[in-house]
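# Examining the three-dimensional arrangement
Listed here are the chains, written in short residue letters.
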Amino acid sequence: MIVVMKKGSDEAQVQAISDRVEGFGLKAHVSRGEERTVIGLIGDETLVQSASLEMMPGVDKVMPVLKPYKRASKEFHPENTVIKIPPVRHGDKGLSLGGPGVVVMAGPCAVENRDMILSLGAFLKGVGAHLLRGGAFKPRTSPYSFQGLGVEGLRYLAEQRAVVGLPVITEVMDTRDVEMVAEFADVIQVGARNMQNFNLLKVLGRCHKPVMLKRGLSSTLEELLMSAEYVMSEGNTDVILCERGIRTFERFTRNTLDLSAVPVLKRESHLPVVVDPSHGVGHWDLVAPMAKAAVAAGADGLILEVHPDPSQAISDGAQSLTPKRFKALMGELELVARAVGRNLH
Ligand code: PEP
Ligand code: MN
């Protein structure tokens with residue numbers, strides 16, 4: 001249930017509603033927008049007499065939230081959430097994800113060695129990328145494939161962060177690693193295969209770093225939003241939704257990148273939406289067109305695989321851009337971003 005306040009209602013009226021809601025034994029979540037203030041009720045709504053709220057001063061209307069996701073829904077929180085990523089070095093500017101700037105995360109599929117991370121990080125920063133991506137814990141289909149460098153990989157990412165200055169996004173797969181990964185990462189990635197690992201989501205809901213949830217291989221958008229709800233219901237509201245392609249019968253592409261996810265998620269939720277065209281298509285030559293299309297569709301960010309020598313990549317070389325191609329793409333993305341009233345800064 002939400003209580004929508006009248007335009008011009010004051011703080012005292014909002015406080016009085018919150019107090020009444022809490023008196024019913026529920027929590028009140030106040031969302032102050034430019035247009036109007038909305039108070040969301042969290043808890044057992046059968047305990048609430050909605051008529052008594054409706055009659056209180058300043059109230060416009062009391063409405064049920066019909067969607068199964070509440071905190072993630074636009075009804076509950078009409079203004080878009082802008083996630084702040086603080087600068088990693090003194091003097092750098094921080095990042096905002098979900099505002100007018102389109103945020104570009106780029107880097108290798110997996111952290112392969114120290115040199116690669118330091119030199120690629122410097123290159124990517126130089127051509128305008130905002131975060132460095134790279135998996136230290138890799139979810140691989142085969143147990144015999146490279147599983148990632150683990151803590152050693154996290155250390156290389158951290159060294160890059162200190163020396164080069166790009167904030168880091170990296171994946172966590174295990175509840176036991178959340179605390180450690182949170183120490184190294186600026187944004188924690190939940191991979192497609194773990195989107196419905198509810199225990200992992202709950203632990204991430206209690207950590208203090210933004211969490212990027214990748215859509216499961218065969219998950220609906222409603223399921224993605226319910227996974228966001230798991231994280232948010234534990235207190236962490238800095239959740240980023242990521243479309244990375246779903247499995248269909250089509251075989252020319254690795255997955256089918258569902259770009260309609262962008263406007264749907266933007267309509268249903270206030271959370272920032274990021275698109276991963278690399279895993280979505282699986283072939284480097286299809287990445288640039290879909291990256292541009294994603295920005296045109298309203299994505300708040302992109303996550304792109306870039307490798308210094310894709311032919312030698314330990315994982316996902318076929319879908320990785322060379323540094324040169326990435327640089328060219330950044331120029332094109334800037335133009336698309338401007339055409340839709342955004343920018344790449
Ligand atoms: C990745 O980002 O490298 C990755 C494993 O992605 P996904 O979980 O979307 O397959
Ligand atoms: Mn990958």
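The shown structure was predicted, so the numbers you read here are calculated from the model rather than taken from an experiment. (Residues numbered from 1 in each chain as written. Chains lettered and ligands numbered in written order. Predicted model: local features only at pLDDT ≥ 70, side-chain atom pairs only at ≥ 80, totals over all residues. Heavy atoms only, no water.)

### Looking at the side chain of T253
- Residue position: T253 is located in the loop between β12 (239-243) and α8 (261-268).
- From its side chain, T253 meets the backbone oxygen of N255 in a polar contact 2.9 Å long.
- Every residue in contact with T253, bar those within four places of it in the chain, is listed here: G280, V281, H283 and L286. (Helix = DSSP H or I, 4+ residues; strand = E, 2+ residues; numbered from the N terminus. Polar contact = N/O pair within 3.5 Å; in protein donor to acceptor, adjacent residues only side chain to side chain. Contact = heavy atoms within 4.5 Å.)

### Re the domain arrangement of the protein chain
- As far as domains go, the protein chain holds domain 1 (2-63) and domain 2 (83-344).
- On a C-alpha basis, the centres of domain 1 and domain 2 stand 37 Å from each other. (Domains from an automatic or database assignment.)

### Some points on the pattern of salt bridges
- Taken as a whole and assessed by the stated rule, the structure comprises 18 salt bridges.
- E35 serves as the salt-bridge partner of K7, at 3.4 Å between the closest nitrogen and oxygen. With K7 in the loop between β1 (2-5) and α1 (11-23) and E35 in the loop between β2 (27-32) and β3 (37-42), this pair connects stretches of sequence that are 28 residues apart.
- You can call K7 exposed: its relative accessible area is 62%.
- Where R114 meets E159, a salt bridge forms, and the shortest distance between an N and an O atom there is 2.7 Å. Taken together, the residues R114 in helix α3 (residues 114-126) and E159 in helix α4 (residues 151-163) connect sequence positions 45 residues apart.
- On the accessibility criterion, R114 (36% relative accessible area) is partly exposed.
- Of the residues examined, E159 reaches a relative accessible area of 26% and is grouped as partly exposed. (Salt bridge = Lys/Arg side-chain N within 4 Å of Asp/Glu carboxyl O. Buried < 20%, exposed > 50% of the residue type's maximum accessible area, 1.4 Å probe, protein only.)

### Overview of the site of ligand 1
- Close to ligand 1 lie 13 residues, the nearest being R133, K138, A192, R193 and R244.
- Between ligand 1 and R133 there is a distance of 2.8 Å, counted from an oxygen atom to a side-chain nitrogen or oxygen.
- A distance of 2.7 Å separates an oxygen atom of ligand 1 from a polar atom in the side chain of R244.
- Its free accessible area being 300 Å², ligand 1 has 97% of it covered by the protein chains.
- Here the shell around ligand 1 is built from residues that sort into three nonpolar, three polar and seven charged. (Near = heavy atom within 4 Å. Areas by Shrake-Rupley, 256 points an atom, 1.4 Å probe, with all protein chains shown as cover. Nonpolar A, V, L, I, M, F, W, Y, C, P; charged D, E, K, R; others polar.)

### Here's the deal with the coordination of the manganese ion (ligand 2)
- Looking at the manganese ion (ligand 2), the protein donor atoms are C109 (SG), H279 (NE2), E305 (OE) and D316 (OD), and they sit 2.0 to 2.4 Å from it.
- Read in sequence order, the donor residues coordinating the manganese ion (ligand 2) give the pattern C-x169-H-x25-E-x10-D. With C109 in the loop between β7 (103-107) and α3 and D316 in the loop between β14 (301-305) and α11 (323-339), this residue pair connects regions lying 207 residues apart in the sequence. (Donors = N, O, S within 2.8 Å, 3.2 Å for Na, K, Ca; no water.)

### What about the nonpolar core?
- L124, L204 and F326 are the most contacted members of the largest nonpolar core, which totals 68 residues.
- For L204, the residues in contact, after removing those within four places along its chain, are V172, V178, I188, V190, V211, V231 and N236. (Core = buried A, V, L, I, M, F, W, Y, C linked by side-chain atoms within 4.5 Å.)

### Description of the environment of H208
- Structurally, the position occupied by H208 is in the loop between α6 (198-204) and β11 (211-214).
- For the pair formed by H208 and R161, sequence separation is 47 residues and the distance between their alpha carbons is 18 Å.

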